[in-house]
Amino acid sequence: MAGAQARQRGGNADEVSVTTEHGVRIEVDGEIATITLDRPEKRNAQTFATWSALARIGESLPEQVRVVVVKGEGPSFSAGIDLRMFTPEGVPGQGSFSSAAKSDDVTFEQRMRQAQAGFLWLRRPEIVSIAAVQGHAIGAGFQLALSCDLRIVADDVSFCMKEPALGLVPDLTGTKPLVELVGLAKAIDICLTARTVHADEAMRIGLAEKVVAGGDLDQAVRDKVAQLLAVNRDAAIATKRLLQGAQGRSLEEQCAAERLEQAARIKSLFT
């Protein structure tokens, strides 16, 4: 990766690797991968390069990883899209929305698919993803948090879906989980007013699984990771598959899916 740095410690059991690309840092320590948006001077604002880096992490994630933690360096999780993308000059070496608008439909869709790929992989059944959110989680930052399975937040968190206020729509895979978490009416309210959702409301409406003081956020995430890793891996993968498919199935179909998954588990454990 461009601008990458890596370090390793000990043998295979203790191996830790750290890689940084375009302001996105990933540390893999055994079964845990920690992704850090590392542009604190820009409040971890995101660009095309951010999304490409996230997608490449998903493509190359080591097989042993079970839990992925996504966090932001500094006081903000992510302030959303880098505002330079709205200028004609754009972000050096990456272009702008203006240049993207001039591309043909096929090229534009391909670029959007590539951006979304950086968010979609966080939902894979074989991992559990946790967003550790503090400070601003605006627009693309809000959607990155929504792409994770769980959200543990600091008491200073500020969620905001800013895109409609900027003339855009949320397009980084955030609309579906938002509706599933809070319901259609509340999602419309949050998006079409572009208002801020603070920690107490986030907890009340289901955007957050836990709210803690800012200084306790890292420990709360470590505690949750330990709980997740204590569960049988194959059973966790099968259960997540069942839960992800539940809304799209009838009760009868879900019962059939449960039977199939359980048959596989029992055969694996007892034969």
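Higher on the page you've got the structure.
All of these numbers come straight from a predicted model, not from anything done at the bench.

1. A word on the packing of helix α1 (residues 48–60) against helix α3 (residues 105–120)
Closest axis-to-axis distance for the α1/α3 pair is 7 Å, and the angle between their directions is 55 degrees. Comparing the axis directions of α1 and α3 gives the class oblique. Helix-helix and strand crossings are classified by hand; for α1 and α3 the assignment is left-handed. Note on element contacts: α3 touches α1 through Arg111, Gln114, Ala115, Ala117, Gly118 and Phe119, opposite Phe48, Trp51, Leu54 and Ala55. Taken together, the residues of the contact of α1 with α3 sort by class into seven nonpolar, two polar and one charged.

2. Some thoughts on the pattern of salt bridges
In the structure shown here, the tally under the stated rule is twelve salt bridges. Note that Arg56 and Glu21 form a salt bridge whose closest N and O atoms lie 2.6 Å from each other. Of this pair, Arg56 sits in helix α1 while Glu21 sits in strand β1 (residues 16–21), placing them 35 residues apart in sequence. Accessibility expressed as a relative area gives 32% for Arg56, which makes it partly exposed.

3. Quick notes on the environment of Ala165
With respect to the helices and strands, Ala165 occurs in the loop between β8 (158–160) and α5 (175–182). On the basis of relative accessibility, which here comes to 53%, the residue Ala165 falls in the exposed class.

4. Quick word on the sheet that holds β8
Through backbone hydrogen bonds, the strands of a sheet pair up, either in parallel or in antiparallel fashion. In space, the three strands of this open sheet follow the order β6-β8-β9, with mixed pairing throughout. Edge strands, defined here as strands with exactly one partner in the open sheet, are β6 (136–138) and β9 (196–198). Across this sheet, the average inter-strand angle for adjacent strands is 20 degrees, counted without regard to direction. As paired strands, β6 and β8 are joined by three bridges and run parallel to one another. Paired with His136 across the two strands is Ser158, which belongs to β8.

5. Points about empty space enclosed by the protein
For the structure on display, the rule yields one cavity of 30 Å³ or more. Reported here for the largest cavity is a volume of approximately 30 Å³. If you go around the largest cavity, the residues you meet are His22, Gly23, Val24, Leu37, Asp38, Arg39, Asn44, Ala45, Gln46 and Thr50.

6. Points about the layout of surface pockets
Of the volumes computed, that of the largest pocket is approximately 820 Å³. If you go around the largest pocket, you meet 30 residues; those closest to its centre are Arg123, Asp149, Lys240, Leu243 and Gln244. Put simply, the parts of the chain that give the lining of the largest pocket at least two residues each are β7 (150–154), α5 and α9 (233–246). A total of seven residues in the lining of the largest pocket trace back to one element, the largest contributor, which is α9. Within the lining of the largest pocket, the residues separate by chemical class into 15 nonpolar, five polar and ten charged. Quantified by volume, the second largest pocket comes out at close to 350 Å³. Around the second largest pocket, the lining comprises 15 residues; the ones closest to its centre are Ile32, Thr34, Val69, Lys71 and Arg222. Taken together, the elements giving at least two residues each to the lining of the second largest pocket come down to β2 (24–29), β3 (32–37), β4 (67–72) and α8 (217–229).

The rules behind these values
- Residues numbered from 1 in each chain as written.
- Predicted model: local features only at pLDDT ≥ 70, side-chain atom pairs only at ≥ 80, totals over all residues.
- Heavy atoms only, no water.
- Axes fitted to C-alpha atoms, helices over the stretch in contact; angles between N-to-C directions.
- Helix = DSSP H or I, 4+ residues; strand = E, 2+ residues; numbered from the N terminus.
- Parallel < 35°, antiparallel > 145°, perpendicular 65-115°, else oblique.
- Left-handed = near helix turned anticlockwise from the far one by under 90°.
- Contact = heavy atoms within 4.5 Å.
- Nonpolar A, V, L, I, M, F, W, Y, C, P; charged D, E, K, R; others polar.
- Salt bridge = Lys/Arg side-chain N within 4 Å of Asp/Glu carboxyl O.
- Buried < 20%, exposed > 50% of the residue type's maximum accessible area, 1.4 Å probe, protein only.
- Pairing = 2+ DSSP bridges.
- 1 Å grid on protein atoms, 1.4 Å probe; cavity = no way out; pocket = protein on both sides within 12 Å on 5 of 7 lines; lining within 4 Å.
- Points joined across faces, edges and corners; volume = space filled by probe spheres on them.

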